[in-house]
Structures are given as C-alpha cells and as structure tokens.
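Understanding the architecture of this molecule
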Amino acid sequence: VTLGRRKVAVIGGGITGLTTAFYLQRYAQQNNLPVDVVLIESSLRVGGKIQTLRKDGFIIERGPESFLDYMNSVRDLAKDLGIEKEMVSNNDGQTYVAVGSQLYPIPSNLMFGGALEVSSFITSGLFSLSGKVRAAGDLLLPKTREEEDEPIGDFFRRRFGKEVVENLVEPLLAGTFAGDIDHLSIQSMFPQFYQLEKQYRSLILGLKKSGLSQSKDYIKSYQTFKNGLETLIESLESQLLPNSVLKGIKVESIDKLSDGSIQVYFNNIAPLKCDAVVMTTPFNATKRIFNSYGLLEEMPDMNYATIATVTLAFKQEEIKRHKDAMNFFVSRNSDLAITTCTWCNHKWNNVAPDGYDMLRVYIGRVGDETIVELSDSDIEKTVLQDLKKAIGISEAPLFTVVTRWNQSMPQYTVGHEKRMEEIRQQIQTEFPKVKLVGSSYEGISIPSCVAQGKKAASDVLEEMFE
Ligand code: FAD
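This is a predicted model, so every value here is computed, not measured.

Regarding its fold elements, the protein chain presents 15 helices and 19 strands. Relative to its length of 466 residues, the protein chain is compact, with a C-alpha radius of gyration of 23 Å against a globular reference of 23 Å. Looking at the protein chain residue by residue over its 466 residues, the buried ones come to 53%. Taking contacts inside the protein chain between residues at least 6 apart in sequence as the whole, the part at least 24 apart equals 73%.

What follows concerns the pattern of salt bridges. Per the stated rule, a full pass over the model turns up 25 salt bridges. Between Arg26 and Asp80 there is a salt bridge, with its nearest N and O atoms 3.3 Å apart. Separated by 54 residues along the polypeptide, Arg26 in helix H1 (residues 15-30) and Asp80 in helix H2 (residues 73-81) bring together distant segments of the chain. You can call Asp80 partly exposed: its relative accessible area is 24%. In this structure, Lys418 engages Glu148 in a salt bridge whose closest nitrogen and oxygen atoms are separated by 3.5 Å. Of this pair, Lys418 sits in helix H14 (residues 416-430) while Glu148 sits in the loop between helix H4 (129-136) and helix H5 (152-160); the two residues are 270 residues apart in sequence, bridging distant segments of the chain. Under the relative-accessibility criterion, Glu148 is labelled partly exposed at 48%. Ionic contacts of the salt-bridge type, sharing partners, join the residues Asp138, Glu150, Arg158, Arg159 and Glu197 into one network.

Further remarks concern the pairing of strand S11 (residues 262-266). Of all five residues that make up S11, four are buried, and the element is covered over most of its length. Note that strand S10 (residues 251-256) and S11 share five bridges and pair antiparallel. When the sheet's bridge partners are listed, Ile254 is paired in S11 with Val264. In textbook terms, the turn of a hairpin is the stretch between consecutive antiparallel strands, and for S10 and S11 this stretch comprises five residues, one of which, Gly260, has a positive phi near 90°. Where S11 meets strand S12 (residues 272-274), three bridges bridge the pair, whose relative direction is antiparallel. Residue pairing in the sheet places Val264 in a bridge with Leu272 of S12. With antiparallel pairing between neighbouring strands as the criterion, S11 and S12 make up a hairpin whose turn holds five residues.

Another point: the side chain of Glu61. Tracing the backbone shows Glu61 in strand S4 (residues 58-61). It turns out Glu61 is buried and unbridged, and the closest side chain with the opposite charge, Arg360, is 6.3 Å from it. For Glu61, the side chain forms a polar contact with the side chain of Thr52, separated by 2.8 Å. Aside from chain neighbours lying at most four places away, what touches Glu61 is Gln51, Thr52, Thr224, Gly228, Leu229, Thr309, Thr311 and Arg360.

It is worth spelling out helix H11 (residues 283-290) at this point. In terms of burial, H11 is a largely internal element, six of the eight residues being buried. For H11, the complete set of buried residues consists of Phe283, Asn284, Thr286, Lys287, Ile289 and Phe290. Looking at the buried side of H11, the elements it contacts are S10, strand S13 (276-279), strand S14 (304-315), H14 and strand S19 (434-436).

This paragraph deals with the confidence of the model for the protein chain. Looking at the protein chain as a whole, its pLDDT mean stands at 90, while 94% of the residues score no less than 70. Both confidence scores are given for the complex: pTM 0.93, ipTM 0.99.

Moving on to a nonpolar patch on the surface. On the surface, a cluster of nonpolar side chains totalling about 370 Å² of accessible area is made up of Leu68, Tyr70, Met71 and Tyr222. Within the element layout of this structure, Tyr70 appears in the loop between S4 and H2. Residue classification places Tyr70 among the partly exposed residues on the basis of a relative accessible area of 45%.

We now examine the nonpolar core. Counting 58 residues, the largest nonpolar core has Ile152, Phe156, Ile254, Phe290 and Val434 as the members making the most contacts within it. Examining the composition of this core, we find that six residues originate from one element, helix H6 (residues 162-177), more than from any other. Apart from residues lying up to four places away in sequence, Val434 is in contact with Ile254, Ile262, Val277, Met279, Phe290 and Ile427. Counting residues in hydrophobic clusters, the runner-up holds 39 residues, among them Val37, Ile83, Met87 and Val450.

About the criteria used
- Residues numbered from 1 in each chain as written.
- Predicted model: local features only at pLDDT ≥ 70, side-chain atom pairs only at ≥ 80, totals over all residues.
- Heavy atoms only, no water.
- Helix = DSSP H or I, 4+ residues; strand = E, 2+ residues; numbered from the N terminus.
- Rg over C-alpha atoms; globule rule 2.2 N^0.38 Å.
- Buried < 20%, exposed > 50% of the residue type's maximum accessible area, 1.4 Å probe, protein only.
- Contact = heavy atoms within 4.5 Å.
- Salt bridge = Lys/Arg side-chain N within 4 Å of Asp/Glu carboxyl O.
- Pairing = 2+ DSSP bridges.
- Lys, Arg positive; Asp, Glu negative; His and termini not counted.
- Polar contact = N/O pair within 3.5 Å; in protein donor to acceptor, adjacent residues only side chain to side chain.
- pLDDT = per-residue confidence, 0-100.
- Patch = residues over 30% accessible without salt bridge, like charges linked within 9 Å, V, L, I, M, F, W, Y side chains within 5 Å.
- Areas by Shrake-Rupley, 256 points an atom, 1.4 Å probe, with all protein chains shown as cover.
- Core = buried A, V, L, I, M, F, W, Y, C linked by side-chain atoms within 4.5 Å.

Structure below.
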C-alpha cells in the first residue's frame, strides 16, 4: 500500500457495483485523488442480472430486456463510456391484456404514465359499463385522510374500483415486477401517484393539471443497446483499471478496526483493510454479511419473487393472431400461466434474423412460483399451451431458452421507506464509512441502480476528502 493512498471496496459486480467502481475511478482520476478501488464479485462473471445471449443472429436477454431512462442516468453513463451511439429505442406497437382467453388492446393513452383520458375508458372493451362508471368516480371521490403508506391494490381500488385494478393495474404490475399488489407499497413503487392524490385529490385531474401526462420527459420510449444490454456491462468492465475486479471471491463478513477502517473477510483470500465500502449486494445477502457483527439482526428479510424468462423463436408464418402486437399482459382472470409476453422483434430491430418471430414470456409471480420449479421441458410445454390459446401458435419453436431467477425480484412492500430509513440509521451509527445501494433499496430499475451507484461514488469521495 502506497502511503496516503485510500482503498475503497465495492461488493457485488452487478450494474450497481460496476457503475460505482467506474465513477469512483473516474472522479479520482479527474480530481487527482489517491484512491484505489477494488470490486469483489462472488460469481465468475460480472453483470449480475444483466445477461445477454447472442446466438445464430438472435439477441436474447435472459434477465432484464430494456429500461425506461426517466432521469437519463443510463444515457449519461453511456456517454461517459463512449457507447452512447449504441443506444436504441423501441418501435411502437400495440399492448394487449389477456382477460379470459381473449386479448384486449389497451388504448395507448391508458397505459401507465400516459394521459389518463376518460374517453379511453369509454371506448375500451377491457371494462364493463359499470366498471367504467366506477372508474370515473375518481373524478368525484375525496382523497384519503391517511398519511400512511398503503398497498398499491387498495390505493387504485379506492380511486378506480375493482375492475380497473383486476384488468389493468394488476396485470401490468405482475408482468413487470412479479409483485402482489396487495403487499407492494404505493409510496415506494409509484411515488408520483401517491403525490398526485395528496395534491390534486383525483388522479385523472391531477395528471392533467400537473402537466405530468403531457410532459415530454414522462412518456418515454424503452431503450437498450444495439447488441443487447450486456454491451453496458462489457464496456464498464473493460474500462475499469486492470486488476481492480476480483471474480469468484465471496464476501463473508465485515468488521471495524480500532483505527476506524473496515476489514472485509472473504471465503478464499486474506482479509482486506479498507477506508470505505459500498455494498451493492441484495439486502438479504448484505444482512448475512453483517451477521457476525450482530447488526441488522432484527430487520425482517426482504421478499424477493422467483420468476423465469422464456424466450422462443418461431418461423414468422406460424404466429396466426395479433400480428400488430408488441406485447400482452395477463390478468388473473385468465386461464394462462404466463404473466406477460413480448414480441422482441416487433419491439426492437435486429434482434432476430429475417423471417423469425422471437417471443419472450415471463412465468411466476409472488405467491405463485411453483411453475418455476418445473423442468425446462415442462415449462416449455406450459408456455406453448398458453401461446396456442392466446395467439394461435401450433408449431414447435426453433429454440427455447429458459432462465430461472430464484428469489431475484425485490418486493418493496408497504412500509419499505420506513424500513430503509431504519437500516440506514443503523449502518450510519455503526459503520459510517459503509454505504448500501442497489436494487433492494431505492429503485429496482437499471436507471435507478445506475443513479444509486453514481451517487454512492461521489458521496464516498466527498466524505473521504472533505
Ligand atoms: P445484481 O445484478 O443482483 O448484482 C449483485 C451482484 O452481487 C451479483 O453479481 C452477485 O453475484 C453479487 N454478490 C452477491 N452476494 C455476494 C457476496 N457475498 N460477495 C460478493 N458478491 C456477491 N430492470 C429494468 O430496468 N428493466 C427491465 O426490463 C428489468 N427486467 C428484469 C427482469 C428480470 C428477470 C430481473 C431478475 C430483473 C429485471 N430488472 C429490470 C431489474 C434489474 O435488472 C435489476 O434490479 C438490476 O440489474 C440489479 O442490479 P444490482 O447491481 O443492484 O444487483
């Protein structure tokens, strides 16, 4: 160790950890700060949940598929990496919801975040007349007197009634977060809607008056990289300084030394003395790392949903119905086991060779996860049965790629914010030089993980050299 140099360990090599390490090195270089960064990843590859499989002209995402860059954090990172030109936006297409065994188009301005127009309700076949009348009740109903957080389901049922929740809100959420709307937190998952009710009472009026629904920043397209999301990971890894990434090494515990520094212990190498540590591991893993120190013991484990993604390729002529579709979500009032299906080659250019359709479906959601335990061939069979019912496919696929994500989708349940505050306070008191960031804390999405990592990097350096 060179005298006066500081060491920062970043634990976990997913998008959050890679972004943290990248900005630590970049800011240190730009400001001539004597800092060495080491990133520790337990598996043999970095990228965590981001995994792209490129084969025979197909670009297959095993984990996340794209992102909504609502605060431009990914674009800024891509600029800093010099890969901004690789970013691509999705094509337009129709979104459907499966209710029973039929697909109903969702009017584009009924989609979440879109302008919630009363006229779209009236023309949509998704809702019965009484469902529509009840939904319009949002215009008249008072706001809640409660200040407390509540489940997303209760919140939207209060405003729009049961039918809108069953046929629109629940399917979109189950297909996106694999979540149970009767447990997920409105405050953490949809702070903008929570605030709209507080400020404007009616969500429909609030969306109009606040200008939120018309704002160019609000309704944005999804984005990815031309050659798949892993482009971001590859670029980050290649731009980290040589020898700053350790793979195949698991952090087991951490402790404080009498001089205020932190000792990090591993499964297979000697401990490392650090001046600051950024932990980007999922909360339950982080909790285990603090086990021997006795911290966070009484905090409840976080819930994570187990899901699987299944990608299948077909000859184009084999998909008989809904050729205009970009995707469909699945209501619980349907007899399908899948929760969502995307036509990857409608949504993105160049992800499949000409003449092929590539579909990606999700299976599994909180409380309904046993399907993920089936063998690959049984999962394939179930998915094919569903696709036959929903869009009339009867042929065998060219290939099927099944990826299981065990305990992987964090569930921000009611009270999430408060619990996070409690965790932050405990860490701040005992380990002021340790930060916890990543998908378990302030946002699950890739843009949010990137933003958290970048902020952690600048906070660590600021505190270290203030
Ligand atoms: P991770 O990627 O989980 O990285 C954590 C890393 O820590 C892992 O590499 C792990 O091996 C390592 N680790 C764990 N324990 C230890 C230890 N003790 N020592 C050392 N290393 C350790 N987001 C979107 O924005 N858009 C989407 O379309 C989208 N779709 C998704 C689909 C699926 C199937 C899943 C699972 C997630 C999806 N997400 C999506 C969410 C997003 O992908 C994740 O929230 C994000 O990638 C998490 O990044 P992370 O770095 O915080 O965590």
